[in-house]
Amino acid sequence: GQFFFALGLAFDHHRGLLLVVDFGNHRVQAFSCDDGSFVFKLGEEGNQPGQLFYPWGITIDHDHDRILVADCDNNRVQSWSLSDQSLLSCVGTKGSGDLEFYCPRDIAIDKHHHRIIIADTYNHRLVFLSSIDLSFLFSIGAKRGSQPGEFNNLSSVAIDDDRDRIIVCDTYNNRVQVLSSIDGSFLFEFGSQGNQPGQLNNPSGVCIANHGRIIVADQINNRLQSFTHEGHHISSF
């Protein structure tokens, strides 16, 4: 029930749980959505399977009854059973090859295509794994850059299932890129560095709201911004 940099969130709507990545305590905590009471925790500081070292992103894969965590400074992804919190898998080592990562910060589920998509931050790429067996499928990026389909320290990823799209916070490029979730091809981008409406400064979080609206955590500007599914600015708050 205490935190040291609460960083990532995920809701388990089936069980009424809120899961929180407790970054500085190297663990995940779960709480009841009814009264906020503590329910369970996962992980402790370390590099062995089931241990965490500065975890960052989290998501829930209901189709496979599991919690997936981007174990950032261990350069891997781990999963636990949602039902009994037992460790299921530990995938990845430090590097830039297949099934290698360098400080992965976020993770998302593409249910339509049975894929797990990982923001492999310091490798400047998206990595696609099979949600069936966590085998490597392909990656996008890997070369730091600012051209369409290139990234500079991407930090957050979300899936727009209704439109078969991947939404990516391309943090150091101060923009959001929208890609096809079918083949990963570039569709469009929005945002530029600044503090005016529609501009961004180190965007670090993204989610999809009603009607495909894109909500962006505009970190250094200390605000949230909402955009249409086409990337047009709606509001800042």
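Criteria and cut-off values
- Numbers given to residues run from 1 along each chain, matching the order in which its sequence is written.
- Since the coordinates come from a predicted model, pLDDT governs what is reported: local features require at least 70, and pairs of side-chain atoms require 80 or more to be given and counted, while whole-chain, interface and lining totals use all residues.
- Water and hydrogen atoms play no part in the side-chain values, which are based on all heavy atoms of the structure.
- Secondary structure is summarised from DSSP: a helix means a run of H or I of at least four residues, a strand means a run of E of at least two, and numbering begins at the N terminus for each.
- Computation of the radius of gyration draws on C-alpha atoms, with the globule rule given as 2.2 Å multiplied by the number of residues to the power 0.38.
- The rule is simple: take the accessible area with a 1.4 Å probe, protein chains only, and divide by the maximum for that residue type; under 20% is buried, over 50% is exposed, in between is partly exposed.
- Should any heavy atoms of two residues lie within 4.5 Å, those residues are considered in contact.
- Surface accessibility follows the Shrake-Rupley procedure with a 1.4 Å probe radius. Residue values consider only the protein chains on display as shielding.
- In this charge count, Lys and Arg are treated as positive and Asp and Glu as negative; neither His nor the chain ends contribute.
- Throughout, a charge is located at the NZ atom of Lys, the CZ atom of Arg, the CG atom of Asp or the CD atom of Glu.
- The criterion for strand pairing is that DSSP finds at least two bridges linking the strands in question.
- Throughout, an axis means a line fitted to C-alpha atoms (over the contacting stretch in the case of helices), and angles, computed between N-to-C directions, take values from 0 to 180 degrees.
- Think of a nonpolar core as a cluster: buried Ala, Val, Leu, Ile, Met, Phe, Trp, Tyr and Cys residues, connected wherever their side-chain atoms sit within 4.5 Å.
- Just to be clear on terms, a salt bridge is a Lys or Arg side-chain nitrogen sitting within 4 Å of an Asp or Glu carboxyl oxygen.

Draft legend 1. Summary view of the overall build of the chain. Along the chain, the regular secondary structure elements total zero helices and 22 strands. Over its C-alpha atoms the chain spans a radius of gyration of 17 Å, differing by no more than 12% from the 18 Å that the globule rule assigns to 237 residues. Counting only C-alpha atoms, the chain reaches 45 × 40 × 30 Å along its principal axes. The buried share of the chain, reckoned over its 237 residues, is 51%. Considering only residue pairs separated by 6 or more positions, the chain has 37% of its internal contacts joining residues 24 or more positions apart. Entry remark: accessible area of the chain is about 10,500 Å², with carbon and sulfur atoms responsible for 48%. Taken together, the 17 basic and 28 acidic charged side chains of the chain have centroids lying 5 Å from each other.

Draft legend 2. Seen up close, the sheet that holds strand β2 (residues 17-22). The strand order β1-β2-β3-β4 describes an open sheet built from four strands, whose pairing is antiparallel. The open sheet is flanked by β1 (6-12) and β4 (38-42), the only strands paired with a single partner. Taken over all neighbouring pairs, the strand axes of this sheet differ in orientation by 20 degrees on average, direction set aside. Alignment of strand β3 (residues 27-32) against β4, held across four bridges, turns out to be antiparallel.

Draft legend 3. Looking closely at the nonpolar core. Counting residues in each nonpolar core, the largest one holds 15 residues, and the members touching the most others are Leu19, Val28, Phe40, Leu42, Ile58, Ile67 and Val69. Elements that contribute at least two residues to this core include exactly β2, β3, β4, β5 (58-61) and β6 (66-71). Counting residues in each nonpolar core, the second largest holds 13 residues, with Ala108, Leu126, Phe128 and Leu179 among its members.

Draft legend 4. Expanded view of the pairing of strand β20 (residues 214-218). Of all five residues in β20, four are buried, a share of seventy percent or more. Two strands pair when backbone bridges link them, and strand β19 (residues 203-208) and β20 are joined in this way by five bridges, in the antiparallel orientation. Each residue of the ladder has a partner; that of proline 203, found in β20, is aspartate 218. The antiparallel hairpin formed by β19 and β20 contains five residues in its connecting segment, where histidine 211 sits at a positive phi of about 60 degrees. One ladder, built from five bridges, connects β20 with strand β21 (residues 223-227); its direction is antiparallel. Bridge pairing links valine 216 to glutamine 225 in β21. Count of turn residues in the β20/β21 antiparallel hairpin: four residues, of which asparagine 222 carries a positive phi of about 55 degrees.

Draft legend 5. Summary view of the pattern of salt bridges. Summed over all chains, the structure comprises 12 salt bridges. The shortest N-O distance in the salt bridge between lysine 143 and glutamate 150 comes to 3.3 Å. Owing to a relative accessible area of 53%, lysine 143 belongs among the exposed residues under this scheme. On the basis of relative accessibility, which here comes to 17%, the residue glutamate 150 falls in the buried class. Residue arginine 223 pairs with aspartate 218 through a salt bridge whose shortest N-O separation is 2.7 Å. You can call arginine 223 buried: its relative accessible area is 15%. When its relative accessible area of 1% is taken as the criterion, aspartate 218 is described as buried.

Draft legend 6. Up close: the side chain of aspartate 120. Along the polypeptide, aspartate 120 turns up in strand β12 (residues 115-120). A relative accessible area of 0% means that aspartate 120 is categorised as buried. If we skip the residues at most four places from it in the chain, aspartate 120 touches Glu100, Phe101, Tyr102, Pro104, Arg125, Val127 and Leu154.

Draft legend 7. Local environment of the sheet that holds strand β17 (residues 175-180). Taken in spatial order, the four strands line up as β15-β16-β17-β18 in an open sheet, and their pairing is antiparallel. Looking at which strands have only one partner, the edges of the open sheet turn out to be β15 (154-160) and β18 (186-190). In this sheet, neighbouring strand axes are inclined to one another by 20 degrees on average, regardless of whether the strands run parallel or antiparallel. In this structure, strand β16 (residues 165-170) lies alongside β17, joined through six bridges in antiparallel fashion. Paired with isoleucine 166 across the bridge in β17 is leucine 179.

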